[in-house]
Amino acid sequence: MQMMPKISIVTVTYNCKEQLRETIDSIVSQTYKNIEFLVIDGGSTDGTLDVVKEYQAKIDYWISEPDKGIYDAMNKGLKTVTGDFVLFLNAGDVFFSKRTLQQIPFEKNFDADVFYGETLIVSEKGECLGLGQKTLPKDLTWSHFKNGMVVCHQSIFISTQIAGTYNLNFKYSADIDWVLNALKVANKIVFTETIISRFVTGGFSTQNKWDSWVERWYILKTNFGLLSCILSHIVFIFEMLLVKFKIKPGYREIDPKLFSNEELI
């Protein structure tokens, strides 16, 4: 891997005109310049393509056509990328700051297969809620995912050498399966100790919560066994109840050191 690897950023969108503009702005404003940017649109009819064409000089590849769902669109991106690492930052997701990519220690870890970091959760009204509920392990392995999606999809860079395609048998939780498969074959995984992305709640899997949970159950049972899956879901439900009754906060407080005088998007 070169000292400044090419980062392929794939943005999947469908009828998300305004959200897409925010995402594109956060990508093209990065101070890190070795970026390949792809937009995969599902055949939008709301003016999304007007936004794409407005920025097309800064987009390396884009396509607009019907697809079989979000993960089919992501697979189209995976088949097209040419970078060293791939990150999915879909319409509505943004980088934490303009220097997010610049701060990832690529040059100190030229042999790494995966880089991951924190995610700032934002409400649909734009209110910053805090970091993801799960404390990120500093020594991430695939086994940490026995309790679900420990690292948010928007905050993990995976080497294109080990990134497979999404299993289209899963409509709502294929991201867990995809990350698990990559982590199983990764030789070196690096915690960036930075906030990588800002994620707005109420997305695709949240809107289809029950179906998402069913798929999650199957994926975790397949990878970790029935007993482990039962125990992890008991813990998951217990933690949900603690949050619901305000015994435990739903999000973690942000460590001020993670801001480090960032120029926010």
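Residues numbered from 1 in each chain as written. Predicted model: local features only at pLDDT ≥ 70, side-chain atom pairs only at ≥ 80, totals over all residues. Heavy atoms only, no water.

Engineer: Where do I start with the nonpolar core in this structure?
Structural biologist: Generally speaking, a soluble globular protein has its nonpolar side chains buried in company with each other. Val10, Phe88, Phe145, Val151, Tyr166 and Trp178 are the most contacted members of the largest nonpolar core, which has 37 residues in total. Listed by contribution, the elements that provide at least two residues to this core are β1 (7-13), β2 (35-41), α3 (70-78), β4 (85-88), β6 (114-122), β8 (156-159), α4 (174-185) and α6 (209-224). Ignoring anything within four residues of it in the chain, the contact list for Phe88 reads Val10, Met74, Leu78, His153, Gln154, Tyr166 and Trp178. By size, the runner-up hydrophobic cluster in this structure holds 25 residues, among which are Ile59, Phe85, Leu89 and Ile104. (Core = buried A, V, L, I, M, F, W, Y, C linked by side-chain atoms within 4.5 Å. Buried < 20%, exposed > 50% of the residue type's maximum accessible area, 1.4 Å probe, protein only. Helix = DSSP H or I, 4+ residues; strand = E, 2+ residues; numbered from the N terminus. Contact = heavy atoms within 4.5 Å.)

Engineer: Sorry, what's going on with the packing of aromatic side chains here?
Structural biologist: Each aromatic ring pair is summarised here by two numbers: the centre-to-centre distance and the angle between the ring planes. Throughout the structure, instances matching the rule amount to 13 aromatic pairs. Centroid distance Tyr71 to Tyr166: 5.4 Å. Interplanar angle 25°. Geometry classified as stacked. A residue pair is termed long-range when its members are at least 10 positions apart, and Tyr71 in helix α3 and Tyr166 in the loop between β8 and α4 qualify at 95 residues. Comparing Tyr71 with Tyr166 shows no difference in burial state: the two are buried. Ring centres of Phe106 and Phe157 lie 6.4 Å apart, and the angle between their planes is 90°; on these two criteria the pair is classed as edge-to-face. One end of the pair, Phe106, is in the loop between β5 (94-95) and β6; the other, Phe157, is in strand β8, with 51 residues separating them in the sequence. A residue is classified by how much of its surface remains accessible, and Phe157, at 0% relative accessible area, is buried. The structure contains a cluster of three or more aromatic residues connected by ring pairs, namely Tyr32, Phe85, Phe106, Phe115 and Phe157. Positioned over the ring face of Trp142 is Lys184, at 4.8 Å from the centre of the ring. (Phe/Tyr/Trp six-rings, centres within 6.5 Å; stacked < 30°, edge-to-face > 60°. Lys NZ or Arg CZ within 6 Å of the ring centre and 35° of its normal.)

Engineer: Please explain helix α1 (residues 17-28) as it appears in this structure.
Structural biologist: The periodicity of an α-helix, 3.6 residues per turn, causes residues three or four positions apart to be oriented the same way. With 12 residues, α1 should reach 16 Å at 1.5 Å per residue; the first-to-last C-alpha distance of 17 Å fits that figure. All of the buried residues in α1 are Leu20, Thr23, Ile24, Ser26 and Ile27. Buried residues of α1, seen end-on, are gathered within an arc of 160° and therefore sit on one face of the element. For α1, the secondary structure elements touched by its buried residues are β1, β2, α2 (48-54) and β5. (Expected span 1.5 Å × (residues − 1). Arc of directions from axis to C-beta.)

Engineer: Got a minute to help me understand the environment of Val12 in this structure?
Structural biologist: When you line up the elements, Val12 lands in strand β1. Linking Val12 and Trp62, residues 50 residues apart in sequence, is a C-alpha distance of 9.9 Å. The contacts of Val12, once residues within four sequence positions are left out, are Ile40, Ile70, Ala73, Met74, Asn90 and Ala91.

Engineer: I keep staring at a nonpolar patch on the surface and nothing clicks. Help me out?
Structural biologist: A cluster of nonpolar side chains, contributed by Leu226, Leu227, Ile230, Leu231 and Ile234, occupies part of the molecular surface with about 490 Å² of accessible area. Mapped onto the elements, Ile230 comes out in helix α7 (residues 226-244). A residue is classified by how much of its surface remains accessible, and Ile230, at 34% relative accessible area, is partly exposed. (Patch = residues over 30% accessible without salt bridge, like charges linked within 9 Å, V, L, I, M, F, W, Y side chains within 5 Å. Areas by Shrake-Rupley, 256 points an atom, 1.4 Å probe, with all protein chains shown as cover. Salt bridge = Lys/Arg side-chain N within 4 Å of Asp/Glu carboxyl O.)

Engineer: Before we go on, may I ask you to explain the side chain of Gln30 in this structure?
Structural biologist: Structurally, the position occupied by Gln30 is in the loop between α1 and β2. Here Gln30 falls in the buried class, since its relative accessible area comes to 1%. In this structure the side chain of Gln30 is engaged in a polar contact, spanning 3.5 Å, whose partner is the backbone nitrogen of Thr100. Polar contacts involving the side chain of Gln30 include one to the main-chain amide nitrogen of Leu101, which spans 3.1 Å. (Polar contact = N/O pair within 3.5 Å; in protein donor to acceptor, adjacent residues only side chain to side chain.)

Engineer: What exactly am I supposed to notice about a negative patch on the surface here?
Structural biologist: On the surface, Glu18, Glu22, Asp25, Asp46 and Asp50 cluster together into a negatively charged patch. Looking at which element gives the most residues to the negative patch, the answer is α1, with three residues. Accessibility expressed as a relative area gives 53% for Asp50, which makes it exposed. (Lys, Arg positive; Asp, Glu negative; His and termini not counted. Charge placed at Lys NZ, Arg CZ, Asp CG, Glu CD.)

Engineer: Sorry, what's going on with the pattern of salt bridges here?
Structural biologist: For side chains bearing opposite charge, pairing can occur when the charged atoms are close. Applying the stated criterion to the full structure yields five salt bridges. With a shortest N-O distance of 3.0 Å, Asp111 and Lys188 are connected by a salt bridge. In this pair, Asp111 sits in the loop between β5 and β6 while Lys188 sits in the loop between α4 and β9 (189-200), placing the two residues 77 residues apart along the sequence. For Asp111, a relative accessible area of 41% corresponds to the partly exposed category. Salt-bridge contacts for Arg252 lead to Glu118; the nearest nitrogen and oxygen are separated by 2.7 Å.

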